[in-house]
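# Structural description and commentary
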Amino acid sequence: MVRDTNMEKLQDIAHKLRIDSIRATEASKSGHPTSCSSMAEIMSVLFFHTMRYKVSAPRDPNSDRFILSKGHAAPILYAAWAEAGLFPTSELLNLRKLDSDLEGHPTPRLNFIDVGTGSLGQGLSVAAGMAYVGKYFDKANYRVYCLIGDGESAEGSIWEALHFSSYYKLDNLCAIFDINRLGQSEPTSLQHNMEVYRKRLEAFGFNALVVDGHDIEELAKAFHEAQSVKGRPTAILAKTFKGKYFPNIEDLENWHGKPLGTKANEVIQHLTGMLKNSGPLGLHPQKPLVDDVPAVDISNIKLASPPSYKLGEQVATRLAYGTALAKLAKSNPRVIALDGDTKNSTFADKIKTVDPSKFIECFIAEQNVVGVAIGAACRDRTVAFVSAFATFFTRAFDQIRMGAISQTNVNFVGSHCGVSIGEDGPSQMGLEDIAMFRTIPNSTVFYPSDAVATERAIELAANTKGICFVRTSRPATAVLYKNDEPFAVGKGKVVKSSPKDQVLVIGAGVTLYEALKAADDLAKVGVYVRVLDPFTVKPLDAQLVVKNAKEVGGKIITVEDHYAEGGLGDAVLSAVALEKNIIVKKLAVTEIPRSGPPTMLLDKYGISSTKVVAAVQEVLKL
């Protein structure tokens, strides 16, 4: 498999990567050199024998992909690219410095990193998304490798990803488990019980190979077998030792996340003495790529046909989402949908009427759904829409925030929001989702109120950088806007106004209709209110809010089917915080709700039209 001379050179590279990792962590006075050392041979064989990639263009679409799920071992990943010639090894000494992109855990600020990792247990889902695209959409030869720590394999998201990868027969995916026995604070639960690992991976449908993770030849043979196995993914279960070849440190506890300090020179000297070849090793990392990845254009995606509704027609915004998704897929073959077994409720399944292959059923495993979508969107290969009940995204918050760190453009669509879903009760009610997505850096939060606005929100999301969240509702609501109404990110709409208005009421989704009904009821008694639809909660159209608030005398009421913290009301409060003579009264759900009919729940929890009427009368007294 590997000639003896090359085997020697690959072992030398492994030791050089160890030395580089020690020097980098000594320079930064922090990091994880022992975690790097356990995977040195794996990295050497992968980067200098097995993988195909371009050093000159690390994100070439034809290249193999590598995901370091155990992101704390970043120094050895940086060292591998430096040894491959991407940048001078001297730059490794800038590890973790403020002005360096060689951060403590990998992020896509570096041109050889696809996604941010380090929040453990997430890398395999991302790799599975990449592999799915490679096998089923690109239909290309590139392979995906994901290196996972044994400690993080306790994360349920790893097992979700294993199930997904096996189910879809991702034989272009290779998961490598660095089983070095030691966690951060104590040994891992299975330590070196390799047979249990093997049985578990086989039970999940993987071709499971147990190898000595410090044996170059065994590793090379295992990677070769992984390339030849068809119909199922491969897991290489590498038995390794933390701090391998570090005298008086190897396989000992209490060395996690610590530079070697006074022992560094001794260890470097020992490793240097193990090198068999002096000078350049002559192993060229670049293998010729198979140029078989199709060109993709995911810019300027449009609805295949404009919205087509009648004013006043009753249409649920979740249904309009499905309609828009199908129109986008008809317009661009790289628009895809992912869902967690709620497709007939979110209406994501409407994309299947255009092309069934563009829908990925991810089953009830929301953390994996998000990770797969992030992987699918990598290198601009797809435009991914992920749908679920809004509340279920909260269990994948960590994956979503890591998606932001990864500079992903995934679009999330959350249906069944708020108490307006009715009898299903609080476990199904998305009441925290706006707050959660507002905290995501560079995110855009759409809250369309009718079918026309929803179709345009989906179209805009497809073309908006960063994470987008579109909040859709279960109940049918009347079409408010003409089919040719223009919409833009950060631009709201005044949907009812008069020169006599005394209060500005801001609602979205179902509460916009409660605000309009309240305005009609108040007008009958000579009280006039202006009603504003924000369209996007982030960014909020602050200029429109302030302008209209001042025109009505500085009184604002917000009404939202969401908890009081972090939602529409707080967005409005932030927008007017520096404005004089403006007051804001928030109407929101302030307690854990119960099951019941939607109209009764809206009233019970203070966000119905009658409660808006009472709030207007209250603020007019101030």
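Residues numbered from 1 in each chain as written. Predicted model: local features only at pLDDT ≥ 70, side-chain atom pairs only at ≥ 80, totals over all residues. Heavy atoms only, no water.

It is worth spelling out the overall build of the protein chain at this point. Along its length, the protein chain carries 20 helices and 19 strands. For the protein chain, whose C-alpha radius of gyration is 28 Å, the value lies close to the compact-globule estimate of 25 Å for 622 residues. Per-residue burial over the protein chain gives 61% buried out of 622 residues. Split by element, the accessible area of the protein chain, about 23,400 Å² in all, is 50% carbon and sulfur. Across the protein chain, 70 positive and 69 negative side-chain charges occur, with their mean positions spaced 3 Å apart. (Helix = DSSP H or I, 4+ residues; strand = E, 2+ residues; numbered from the N terminus. Rg over C-alpha atoms; globule rule 2.2 N^0.38 Å. Buried < 20%, exposed > 50% of the residue type's maximum accessible area, 1.4 Å probe, protein only. Areas by Shrake-Rupley, 256 points an atom, 1.4 Å probe, with all protein chains shown as cover. Lys, Arg positive; Asp, Glu negative; His and termini not counted. Charge placed at Lys NZ, Arg CZ, Asp CG, Glu CD.)

It is worth spelling out the sheet that holds strand S1 (residues 65-68) at this point. Spatially, five strands are ordered S1-S2-S3-S5-S4 in an open sheet, and the strand pairing comes out parallel. Each edge of the open sheet is held by one strand with a lone partner, namely S1 and strand S4 (207-212). Adjacent strand axes in the sheet meet at a mean angle of 20°, parallel and antiparallel pairs treated alike. (Pairing = 2+ DSSP bridges. Axes fitted to C-alpha atoms, helices over the stretch in contact; angles between N-to-C directions.)

With that settled, consider the pattern of salt bridges. Evaluation of the coordinates by the stated rule reveals 33 salt bridges. When the shortest N-O distance is used, the salt bridge between Glu 485 and Lys 493 registers 2.8 Å. A residue is classified by how much of its surface remains accessible, and Lys 493, at 16% relative accessible area, is buried. Where salt bridges share partners, they join Asp 501, Arg 530, Lys 547 and Glu 551 into one cluster. (Salt bridge = Lys/Arg side-chain N within 4 Å of Asp/Glu carboxyl O.)

Scanning the entire structure with this criterion turns up six cavities of 30 Å³ or more. By volume, the largest cavity amounts to about 110 Å³. As for the largest cavity, its lining consists of 13 residues, of which Asp 64, Phe 66, Trp 81, Phe 112 and Arg 379 are closest to the centre. Among the secondary structure elements, those contributing two or more residues to the lining of the largest cavity are S1 and helix H4 (74-84). Lining the second largest cavity are 13 residues, with Val 115, Gly 116, Thr 117, Gln 122 and Val 126 sitting closest to its centre. (1 Å grid on protein atoms, 1.4 Å probe; cavity = no way out; pocket = protein on both sides within 12 Å on 5 of 7 lines; lining within 4 Å. Points joined across faces, edges and corners; volume = space filled by probe spheres on them.)

Our next topic: the UniProt feature "domain: Transketolase-like pyrimidine-binding" (unreviewed entry) in the protein chain. In the UniProt entry, the feature "domain: Transketolase-like pyrimidine-binding" (unreviewed entry) is given for residues 315-479. Summarising residues 315-479: 35% helix, 19% strand, and an end-to-end C-alpha distance of 7 Å. (UniProt positions renumbered as here; feature names shortened; annotations may be inferred.)

Summarising burial for strand S15 (residues 503-507): five of the five residues are buried, a large majority. Here S15 shows no split at all, with Val 503, Val 505 and Gly 507 on one side and Leu 504 and Ile 506 on the other all buried. As paired elements, S15 and strand S16 (residues 529-533) share four bridges and run parallel to each other. Residue pairing for S16: Val 503 is matched across the bridge by Val 529. Alignment of S15 against strand S18 (residues 555-563), held across four bridges, turns out to be parallel. The residue bridging Val 505 from the neighbouring strand is Ile 557, located in S18.

What follows is about the sheet that holds strand S11 (residues 444-446). Reading across from one edge, S8-S7-S9-S10-S12-S11-S17 is the order of the seven strands in this open sheet, with mixed pairing throughout. Bordering the open sheet on either side are strand S8 (359-361) and strand S17 (536-538), each of which pairs with just one other strand. Here the strands of the sheet are splayed against their neighbours by 20° on average, with no regard to which way each runs. The pairing of strand S9 (residues 383-389) with strand S10 (residues 411-415) spans five bridges and is classified as parallel. Opposite Ser 387, over in S10, you have Val 413 as the bridge partner.

What follows is about the layout of surface pockets. The probe, sized like a water molecule, is rolled over the atoms to show the empty space still left. Of the pockets and cavities examined, the largest pocket occupies roughly 460 Å³. Considering the residues around the largest pocket, the lining is formed by 24 residues, among which Ala 377, Asp 380, Gln 407, Asn 409 and Lys 465 are closest to the centre. Taken together, the elements giving at least two residues each to the lining of the largest pocket come down to helix H12 (366-377) and helix H15 (451-462). Considered class by class, the residues forming the lining of the largest pocket number nine nonpolar, 10 polar and five charged. Computed from the structure, the second largest pocket encloses a volume of approximately 210 Å³. Lining the second largest pocket are Arg 52, Gly 134, Lys 135, Ala 140, Asn 141, Tyr 142, Arg 143, Asp 171, Asn 172, Gln 227 and Lys 230. Considered class by class, the residues forming the lining of the second largest pocket number two nonpolar, four polar and five charged. (Nonpolar A, V, L, I, M, F, W, Y, C, P; charged D, E, K, R; others polar.)

One finds Phe 177, Leu 338 and Phe 412 to be the most contacted residues of the largest nonpolar core, which totals 84 residues. When neighbours within four sequence positions are excluded, Leu 338 is seen to be in contact with Ile 360, Cys 362, Val 369, Val 372, Ala 373, Ala 384, Phe 385, Val 386 and Ser 387. Core analysis: the next-biggest nonpolar cluster, separate from the first, contains 52 residues, Leu 10, Leu 95, Cys 174 and Leu 219 among them. (Core = buried A, V, L, I, M, F, W, Y, C linked by side-chain atoms within 4.5 Å. Contact = heavy atoms within 4.5 Å.)

A separate point is the packing of aromatic side chains. Enumeration according to the criterion identifies 25 aromatic pairs in this entry. A ring pair is formed by Tyr 78 and Phe 112, whose centres lie 6.1 Å apart and whose planes are at 75°; its orientation type is edge-to-face. One end of the pair, Tyr 78, is in helix H4; the other, Phe 112, is in the loop between H4 and helix H5 (123-137), with 34 residues separating them in the sequence. The same class applies to Tyr 78 as to Phe 112, namely buried. On the numbers, 6.0 Å between centres and 40° between planes, the contact of Tyr 132 with Phe 164 is tilted. Here Tyr 132 is found in helix H5, whereas its partner Phe 164 is found in helix H6 (residues 156-167), with 32 residues between them in sequence. Like Phe 164, Tyr 132 is buried. What links up through ring pairs into an aromatic cluster is the set Phe 47, Tyr 53, Phe 66, Tyr 78, Trp 81, Phe 87 and Phe 112. Taking the ring centre of Tyr 245 as reference, the NZ or CZ of Lys 244 above it sits at 4.8 Å. (Phe/Tyr/Trp six-rings, centres within 6.5 Å; stacked < 30°, edge-to-face > 60°. Lys NZ or Arg CZ within 6 Å of the ring centre and 35° of its normal.)

Between the first and last C-alpha of H6 there are 17 Å, a value that for 12 residues agrees with the 16 Å anticipated at 1.5 Å per step. Of the residues making up H6, those classed as buried are Ser 157, Ile 158, Trp 159, Ala 161, Leu 162, Phe 164, Ser 165 and Ser 166. Two residues or fewer past H6, Lys 169 is found with a positive phi of approximately 55°. (Expected span 1.5 Å × (residues − 1).)

At a minimum axis separation of 8 Å, H5 and H6 run at an interaxial angle of 20°. Taken together, the axis directions place H5 and H6 in an arrangement best described as roughly parallel. Like other packed secondary-structure pairs, H5 and H6 cross with a definite hand, here left-handed. Seen from H5, the contacting residues are Leu 124, Ser 125, Ala 128 and Tyr 132; seen from H6, they are Ser 157, Ile 158, Ala 161, Leu 162, Phe 164 and Ser 165. Broken down by class, the residue content of the contact of H5 with H6 amounts to seven nonpolar, three polar and no charged. (Parallel < 35°, antiparallel > 145°, perpendicular 65-115°, else oblique. Left-handed = near helix turned anticlockwise from the far one by under 90°.)

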